[in-house]
Amino acid sequence: MPAARGNRERLFQVGRWLRATFQTPYPVTFRIVKKVAAAPNDKPATKRVGYYGSTERIGRKIVIRIACRPGMRRDDLFQTILHEFAHAVSMRHDRIEDERLNHGAHDDEWGLAYGKIYRRFYDEGGVESSSNY
Ligand SMILES: [Zn+2]
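Residues numbered from 1 in each chain as written. Predicted model: local features only at pLDDT ≥ 70, side-chain atom pairs only at ≥ 80, totals over all residues.

**Here's the deal with the environment of Arg100**
Phase 1 of the analysis: Take Arg100: it is sitting in the loop between helix H4 (94-97) and helix H5 (108-123).
Phase 2 of the analysis: Expressed as a C-alpha distance, the spacing of Arg100 and Arg19, which sit 81 residues apart in the sequence, is 24 Å. (Helix = DSSP H or I, 4+ residues; strand = E, 2+ residues; numbered from the N terminus.)

**Some thoughts on H5**
Phase 1 of the analysis: Between the first and last C-alpha of H5 there are 21 Å, a value that for 16 residues agrees with the 22 Å anticipated at 1.5 Å per step.
Phase 2 of the analysis: Residues of H5 that are buried include every one of Ala113, Tyr114, Ile117 and Phe121, and no others. Angularly, the buried residues of H5 cover 100° about the axis, an arc narrow enough to put them on a single face. Opposite the buried face of H5, at more than 90 degrees from it, the exposed residues are Asp108, Gly111, Gly115, Arg119 and Asp123. (Expected span 1.5 Å × (residues − 1). Buried ≥ 20, exposed ≤ 12 C-beta atoms within 10 Å, placed from the backbone. Arc of directions from axis to C-beta.)

**With respect to the packing of helix H1 (residues 7-21) against helix H3 (residues 74-90)**
Two packed helices can be described by the angle between their axes and the distance between those axes.
Phase 1 of the analysis: Contact geometry for H1 and H3: axes closest at 10 Å, N-to-C directions at 30°. Regarding H1 and H3, the two cross each other, and that crossing is right-handed. Counted together, Asn7, Arg10, Leu11, Val14, Gly15 and Leu18 of H1 and Arg74, Leu77, Phe78, Ile81 and Phe85 of H3 form the full contact between these two elements.
Phase 2 of the analysis: Per-class residue counts for the contact of H1 with H3 are seven nonpolar, two polar and two charged. (Axes fitted to C-alpha atoms, helices over the stretch in contact; angles between N-to-C directions. Left-handed = near helix turned anticlockwise from the far one by under 90°. Contact = placed C-beta atoms within 7 Å. Nonpolar A, V, L, I, M, F, W, Y, C, P; charged D, E, K, R; others polar.)

**Describing H1**
Phase 1 of the analysis: Here H1 is 15 residues long and its end C-alpha atoms lie 21 Å apart, about the 21 Å a rise of 1.5 Å per residue gives.
Phase 2 of the analysis: Of the residues making up H1, those classed as buried are Asn7, Arg10, Leu11, Val14, Gly15, Trp17 and Leu18. All buried residues of H1 fall inside an arc of 165° around its axis, so they share one side. Turned more than 90 degrees away from the buried face of H1 sit Arg8, Glu9 and Ala20, all of them exposed.

**A short note on the sheet that holds strand E1 (residues 28-33)**
Phase 1 of the analysis: Strands sit in the order E1-E3-E2 across an open sheet of three strands; the sheet is mixed. Only two strands of the sheet have a single partner each, and these edge strands are E1 and strand E2 (53-58). Put simply, the sheet's adjacent strands are angled 20° from each other on average, direction ignored.
Phase 2 of the analysis: Taken together, the six bridges between E2 and strand E3 (residues 61-67) define a ladder with antiparallel strand orientation. Opposite Thr55, over in E3, you have Ile64 as the bridge partner.
Phase 3 of the analysis: With respect to the sheet, H1 is in contact with E1 and E3, its orientation differing from that of E1 by roughly 165°. (Pairing = 2+ DSSP bridges.)

**A closer look at the nonpolar core**
Phase 1 of the analysis: Residues Ile81, Leu82, Phe85 and Ile117 are the most contacted members of the largest nonpolar core, which totals 23 residues.
Phase 2 of the analysis: Counting residues per element, the ones that place at least two in this core are H1, E1, E3, H3 and H5.
Phase 3 of the analysis: The leading source of residues in this core is H3, at eight residues.
Phase 4 of the analysis: If we ignore the near neighbours within four places in the chain, the residues touching Leu82 are Tyr114, Ile117, Tyr118 and Phe121. (Core = buried A, V, L, I, M, F, W, Y, C linked by C-beta atoms within 7 Å.)

**Some points on the pairing of E3**
Phase 1 of the analysis: One ladder, built from six bridges, connects E1 with E3; its direction is parallel. Bridge assignment links Val28 to a residue of E3, and that residue is Ile62.
Phase 2 of the analysis: The turn joining E2 and E3, which pair antiparallel and follow one another in sequence, is formed by two residues; a positive phi near 60° is taken by Gly59.

Encoded structure:
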């Protein structure tokens, strides 16, 4: 199957590849949206643009939102979905996660997960093989 031509469809392909390639404590749902709302206490400039992506555990599901608008570079979108998926991979089951000190932060576990995902995607054929998902 060829790589999808639209950024949105291509993100879903990479998302399906990520789900098939890496384990997460809960199933991951991808939402490709125009804007990922910033937090109420963020700076006005951040609120205007929103975030590039977010990862949130909702009960026994993980929801990843990726902002995808016309003009965004495809490689930036790839980096965002890999980054967010590393949050999902480094999450633990809820009772352990709730006691984690750096909840949701870019801690060592996140860094390790991101390194593995990044290498698999860019150095070990993921860019090409994700086109088959
Ligand atoms: Zn992050």
